Amino acid sequence: MEQSRTGSAGRKGMLLLTALIWGVAFVAQSEGMNYVGGFTFNCCRFLIGGAVLIPCIFFLRRLGGDQRSGEDPQDPGRTGNAGNVGNAGKTEKEQRRMAVLGGICCGIFLCASSSLQQFGIAQTTVGKAGFITALYIVIVPVLGLFLKKRVPLTVWISVAIAAVGMYLLCIQEGFSIGRGDFLVFLCAIGFSLHILVIDYFSPKADGVVISCIQFFTAGVISGVLMLIFEEPSWSAVAAAWAPVLYAGIFSCGVAYTLQVVAQKDVDPTVASLLLSLESVFSLLAGWVLLGQRLSAKELFGCVLVFAAIVLAQLPERKRA
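Residues numbered from 1 in each chain as written. Predicted model: local features only at pLDDT ≥ 70, side-chain atom pairs only at ≥ 80, totals over all residues. Heavy atoms only, no water.

1. Topic: unusual backbone geometry
With a phi angle near 60°, lysine 148 is a residue other than glycine that sits in the positive phi range. Locating lysine 148 in the fold gives a position in the loop between helix 5 (136–143) and helix 6 (153–170). The exposed category is assigned to lysine 148, whose relative accessible area is 81%. (Helix = DSSP H or I, 4+ residues; strand = E, 2+ residues; numbered from the N terminus. Buried < 20%, exposed > 50% of the residue type's maximum accessible area, 1.4 Å probe, protein only.)

Dropping the structure here:
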């Protein structure tokens, strides 16, 4: 029992580290725009992220194979491979086909959302971008209406609280919203659609393989847009080596792998709450590393947005 608690605490620590890595990544994205264009930055980091995930796929499969040899008698369907739970009945060929199709579809949405975020971060503060992006947690259940899914009352309350928080966080004098804030809000909607696409494909194939393919897809599309709209140079990319490598290796590769490994045996509500701390870490990182400060009005808006995010993730009470 004590060993189980220690393992659970370790996995929660891994999720907290994931949120920290993603929060600091907002700083890397902001700093990267000082050297290269948004499409160039995304192209480099996604291709690096995809390359980093290749050895992670083999590691997780080996880990899954080791754990599969000692299946839980209480749950024989649970295997060690985090990306293949529920895929036992599918042929390897079918899983491979769905992984490629899912990866390409996810990569298209990832590229669009990340591009909006990248250009938005360049025109707003890191902290505001982190909290606005995290609104996808509230938006996803609402978009579920189009899939004929019921939206709990707590989510509608979260939407109302988030709307007030967004007003305090983004609306300026003259009832106008900053261009950067608007782009990041569009990015939150894009990431919400991205999550719904992942939700459709992930039960049908290995989630890590889908992620690897989506990174390469997003990187290639960003590369095409880079050649069309920007003038990339090796010297500029070399100057941006630190933010590019951080976003590619740590944000895409390391953090995603930590999430997959840790989230497998942690309650989904607890996991999502820990990961949502990404927005708080982005605010702290912007303050500590870039000296970006928010007004009292904007900080209160952050508090309301975070409260809405937490409320939207709480499990609904079952009626008797």
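2. Topic: helix 8 (residues 207–229)
Its 23 residues give helix 8 an end-to-end C-alpha distance of 32 Å, which sits within 8% of 33 Å, the value for a rise of 1.5 Å per residue. Two or three places before valine 208, at the opening of helix 8, aspartate 206 has a side-chain oxygen 2.9 Å from that residue's backbone nitrogen. (Expected span 1.5 Å × (residues − 1). Polar contact = N/O pair within 3.5 Å; in protein donor to acceptor, adjacent residues only side chain to side chain.)

3. Concerning the packing of helix 4 (residues 126–133) against helix 6
It is the contact of helix 4 with helix 6, at a shortest axis distance of 11 Å, that shows an interaxial angle of 160°. Considering the angle they form, helix 4 stands roughly antiparallel to helix 6. For helix 4 against helix 6, the interelement crossing comes out left-handed. The residues of helix 6 that touch helix 4, namely those facing Lys128, Phe131 and Ile132, are Met166, Leu169 and Cys170. Classifying every residue of the contact of helix 4 with helix 6 by side-chain character gives five nonpolar, no polar and one charged. (Axes fitted to C-alpha atoms, helices over the stretch in contact; angles between N-to-C directions. Parallel < 35°, antiparallel > 145°, perpendicular 65-115°, else oblique. Left-handed = near helix turned anticlockwise from the far one by under 90°. Contact = heavy atoms within 4.5 Å. Nonpolar A, V, L, I, M, F, W, Y, C, P; charged D, E, K, R; others polar.)

4. As for the packing of aromatic side chains
What the rule picks out here adds up to five aromatic pairs. Taken together, a centroid distance of 6.0 Å and an interplanar angle of 15° make the contact between phenylalanine 46 and phenylalanine 215 stacked. Remark: phenylalanine 215 occurs in helix 8 and phenylalanine 46 occurs in helix 2 (residues 38–68); sequence separation between them is 169 residues. Note on tyrosine 200 and phenylalanine 201: the rings are 4.9 Å apart at their centroids and 90° apart in plane angle, and the pair reads as edge-to-face. Through a chain of ring-to-ring contacts, the aromatic side chains of Phe39, Phe119 and Phe229 assemble into a single cluster. It is lysine 204 that lies over the ring of tyrosine 200; its NZ or CZ is 4.0 Å from the centre. (Phe/Tyr/Trp six-rings, centres within 6.5 Å; stacked < 30°, edge-to-face > 60°. Lys NZ or Arg CZ within 6 Å of the ring centre and 35° of its normal.)

5. Things to note about the pattern of salt bridges
Under the definition given, this model contains four salt bridges. With a closest N to O distance of 3.1 Å, lysine 128 and aspartate 181 form a salt bridge. With lysine 128 in helix 4 and aspartate 181 in helix 7 (residues 179–201), this pair connects stretches of sequence that are 53 residues apart. Take lysine 128: its relative accessible area is 7%, and that puts it in the buried class. Residue classification places aspartate 181 among the buried positions, given a relative accessible area of 2%. The partner of lysine 128 in a salt bridge is glutamate 298, and the shortest N-O contact between them spans 3.5 Å. Here glutamate 298 lies in helix 13 (residues 296–313) and lysine 128 lies in helix 4, a separation of 170 residues in the sequence. (Salt bridge = Lys/Arg side-chain N within 4 Å of Asp/Glu carboxyl O.)

6. Here's the deal with helix 6
If you check helix 6, its first and last C-alpha atoms are 26 Å apart, about what 18 residues at 1.5 Å a residue would give, namely 26 Å. Every buried residue of helix 6 is accounted for by Val155, Ser158, Ala162, Gly165, Met166, Leu168, Leu169 and Cys170. The arc that holds the buried residues of helix 6, viewed along the axis, is 155°, so those residues lie on one side. Where helix 6 is buried, its residues touch helix 4, helix 5, strand 1 (171–172), strand 2 (176–177), helix 7 and helix 13. (Arc of directions from axis to C-beta.)

7. Focus: the nonpolar core
Judged by nonpolar contacts, the single largest core of 29 residues is most densely connected at Phe131, Ile132, Leu135, Leu169 and Ile309. When sequence neighbours within four positions are dropped, the list of residues in contact with leucine 169 reads Lys128, Phe131, Ile132, Glu298, Gly301 and Cys302. Core analysis: the second largest hydrophobic core is formed by 26 residues, Phe46, Val197, Val208 and Ala218 among them. (Core = buried A, V, L, I, M, F, W, Y, C linked by side-chain atoms within 4.5 Å.)

8. Quick notes on the environment of glutamate 231
Relative to the elements of secondary structure, glutamate 231 occurs in the loop between helix 8 and helix 9 (234–239). Residue glutamate 231 is classed as exposed on the basis of its relative accessible area of 78%. With 195 residues separating them along the chain, glutamate 231 and valine 36 place their C-alpha atoms 9.0 Å apart.

9. Notes on the packing of helix 6 against helix 13
Interaxial distance between helix 6 and helix 13 falls to 7 Å at its minimum, and their mutual angle equals 165°. Classified by the interaxial angle, the pair formed by helix 6 and helix 13 is roughly antiparallel. Regarding helix 6 and helix 13, the two cross each other, and that crossing is left-handed. Where helix 6 abuts helix 13, its residues Thr154, Val155, Ile157, Ser158, Ile161, Ala162, Val164, Gly165, Met166, Tyr167, Leu168 and Leu169 lie against Lys297, Glu298, Phe300, Gly301, Cys302, Leu304, Val305, Ala308, Leu311 and Ala312. By residue class, the composition of the contact of helix 6 with helix 13 is 16 nonpolar, four polar and two charged.

10. Considerations on the side chain of serine 115
In this structure, serine 115 sits in helix 3 (residues 92–121). For serine 115, a relative accessible area of 7% puts it in the buried group. Setting aside residues no more than four positions away along its own chain, serine 115 makes contact with Phe39 and Asn42.

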